Amino acid sequence: MTVGFIIKCLGTMIELLIPYILTHILKNVVVTENLYKVLFWGMLMLACAGSACVCNVVANRMAARVSKIFSERMRKDLFEKTMKLSASQTDKFSIPSLESRITTDTYNVHNFIGMMQRMGVRAPILLLGGIIITMIMDSFLSLVMIAILPFIFVTVFTISKRGVPLYAGVQRSVDGMVRVVREDMQGIRVIKALSKNNYENQRYDKVNLKLSKDERRAGTIMGVVNPIMTMLMNFGITAVVAMSALRVSKGLSSPETVIAFMQYFTLISMAMMSVSRMFVMYTKCAASANRIAEVLNTPVDLEVMGADDTAVIDTDKHIVFKDVCFSYLGKTNQLENISFSLERGGTLGIIGATGSGKSTLVKLLLRFYDTTSGQIYINGRDIRTIDKDELTSMFGVALQNDFLYADTIEENIIFGRDLSHEDVVSAAKIAQADSFITSFHDGYEHLLSPKATNISGGQKQRVLISRAIAARPDILILDDSSSALDYKTDANLRLALKENMKESTIVTVAQRVSSIKDCDIIIVLDHGKIIGIGKHEHLLDTCPEYKEISDSQMGGALID
């Protein structure tokens, strides 16, 4: 960037010499009637013009490269920070807002950085250099022109100050539009199945019109800058022409000086227009940069805590929940007084109605959120004192609405880890996925479409379970990840897990009793509270709610 600035400065200063040379030719060379001198100074003008052009082209190319590198690193840093945000921080920003910050906001900043390198050097030099030279040539005429500049600066500053909050509002409207588009793309099949195209079009039109309204308001206010500047500059030119004519008629100035002066005034006018464009771009950039900085400067959440008296307990249990309470918003508890313990290699089943807190319990175990009160221990250590990489390496997770990306099945199972093909095949066999994978002509190299829309829901869940168990984790979490499997496949999966994952502690969240009935411990949740805990037979006798669920799923749901 520094080298580009130096080249740009050099080219701009050479450009400032051209009107001065013209004045010299008209005033001192032409009167000599020496053709060679005229040609010499004319060639010097051409050389200056060519040099200025070359310098500007080189500097602009360097500016483009710097902008590219800057925006690339900025997007990388922003994406990396986004990946490190805690679940609560992600909820606060929202996914659509984070998407628009990584895309449109970084684009606005990229444009401004490029423009600043191209115009941010050239315009001030033309402006100040032109004023200095015209002051030397004819200070009176120069003062006429300078008198206009304060009005221009006040106009630009006042309007630009209003532009930052306006463009911040525009970006918030972009967030809203991205949110609707994202929701519609995710639910496109449901929308088509229910023939709700017109309804979604209306919903999109609403956010689109809001964005258009905000853009129009911002554009209208910021669009005032150029016309006002043009008017003021035209007033300045008119005043300079009038005063020039008066001074020439009185012999106080020469026509050659006026000609050069008008060229410098043109350069100064161009510089002022460039400055006004930069101020308009700055308002967009400032709004976007503030949004980017808001993410980048977000403090680290869920930091690893230091050890204290409660950090380690003497226990042979693998997982311990001790009086755990949790609230998302700090008002109503989503989980209340959750206490249980689980042996290493044991199995835990969690069942309950929708909204009972099943997935929330799993999120706390993974430390997506910290407990409001109470402690969670793994191997006797409070999970808040365990390093994040160490903690996450303990888990293998398969969620109901987890994601698969556009790549081969094998790469989706490996998921960037150091796993062999044998590990992948072994995991797929346990997850009951090997049979359908090998039925494809390209087997594990079969390419999945984005979001794996070219395989069924049950096949997708089996690939996700394969990914979760491929690294043979200490703790395997299956959060409603077999809901799309038929009962026979579900039973075969549970049997394969029991035979091949003996060293892993398995936590299963399910809606079907058949998926958890053989677990060592079953927890029945209702409105965030444990209303039943124990084995299947015990709960049938002691927990009416569990018995009701079991009875309602009689038949295939209770058959191995």
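Trainee: Is there a simple way to think about the pattern of salt bridges in this case?
Mentor: Opposite charge on two side chains allows them to pair when their charged atoms are near. Scanning the model with the defined rule gives 17 salt bridges in all. A salt bridge links E80 to K84, with the nearest nitrogen and oxygen atoms 3.4 Å apart. Taken together, the residues span about one helical turn, with E80 and K84 both in helix α2 (residues 35-84) at a distance of four residues. Look at E80 and you get partly exposed, because its relative accessible area is 35%. We classify K84 as exposed; its relative accessible area is 56%.

Trainee: Please clarify how the pairing of strand β4 (residues 373-378) should be interpreted in this entry.
Mentor: Consecutive side chains along a regular strand alternate between the two faces of the sheet. Within β4, five of the six residues are buried, which leaves it mostly tucked inside the rest of the structure. Inspection of the sheet shows strand β1 (residues 319-326) paired to β4 by five bridges, in the antiparallel sense. Bridging across to β4, C325 finds its partner in S373. Here β4 pairs with strand β5 (residues 381-382) via two bridges, running antiparallel. Within the sheet, the bridge partner assigned to I378 lies in β5 and is R381. The loop that links β4 with its antiparallel partner β5 comprises two residues; one of these, N379, has a positive phi angle of about 55°.

Trainee: Explanation requested: the sheet that holds strand β8 (residues 505-509) in the structure shown.
Mentor: Two orientations exist for strands paired in a sheet by backbone hydrogen bonds: parallel and antiparallel. Read across the sheet, six strands follow the order β6-β7-β8-β3-β9-β10 without closing on themselves; strand pairing throughout is mixed. In the strand order of this sheet, the two ends are held by β6 (395-399) and β10 (529-534), each with one partner. Neighbouring strand axes in the sheet, compared pairwise and without regard to direction, differ in orientation by 15° on average. Judged from the five bridges that link them, strand β7 (residues 475-479) and β8 form a sheet pairing that is parallel. Within β8, the position partnered with L478 by the bridge is T508. Along the sheet, helix α11 (residues 358-365) contacts β3 (347-352), β6, β7, β8 and β9 (521-526); its crossing angle with β3, the most-contacted strand, is approximately 140°.

Trainee: Even after reading the chapter, I still don't get the confidence of the model for the protein chain, so can you show me in this structure?
Mentor: Do not read the fine detail of predicted coordinates wherever pLDDT is low. Per-residue pLDDT for the protein chain has a mean of 86; in total, 98% of the residues score no lower than 70. Every residue in residues 555-560 is under pLDDT 50, and counting partners more than four places away or in other chains gives 11 contacts.

Trainee: Looking at this model, I keep getting lost on the packing of helix α4 (residues 95-137) against helix α10 (residues 255-296). Mind explaining?
Mentor: Packed helices, taken two at a time, are described by their axes: the angle between them and the distance between them. It is the contact of α4 with α10, at a shortest axis distance of 6 Å, that shows an interaxial angle of 155°. By the criterion of interaxial angle, the relationship of α4 to α10 is roughly antiparallel. When you trace α4 past α10, the crossing you get is left-handed. Per-class residue counts for the contact of α4 with α10 are 28 nonpolar, 11 polar and seven charged.

Trainee: Honestly, the sheet that holds β1 in this entry has me stumped. Any pointers?
Mentor: Spatial strand order, β2-β1-β4-β5: four strands in an open sheet with antiparallel pairing. With partners counted over all chains shown, the strands left at the sheet margins are β2 (335-342) and β5, one partner each. Two elements, β1 and β2, share five bridges in a ladder whose sense is antiparallel. Across the sheet, V320 pairs through a bridge with S341, a residue of β2. Set on the sheet, α11 makes contact with β1, β2 and β4; between it and β1 the angle comes to about 115°.

The rules behind the values
Residues numbered from 1 in each chain as written. Predicted model: local features only at pLDDT ≥ 70, side-chain atom pairs only at ≥ 80, totals over all residues. Heavy atoms only, no water. Salt bridge = Lys/Arg side-chain N within 4 Å of Asp/Glu carboxyl O. Helix = DSSP H or I, 4+ residues; strand = E, 2+ residues; numbered from the N terminus. Buried < 20%, exposed > 50% of the residue type's maximum accessible area, 1.4 Å probe, protein only. Pairing = 2+ DSSP bridges. Axes fitted to C-alpha atoms, helices over the stretch in contact; angles between N-to-C directions. Contact = heavy atoms within 4.5 Å. pLDDT = per-residue confidence, 0-100. Parallel < 35°, antiparallel > 145°, perpendicular 65-115°, else oblique. Left-handed = near helix turned anticlockwise from the far one by under 90°. Nonpolar A, V, L, I, M, F, W, Y, C, P; charged D, E, K, R; others polar.

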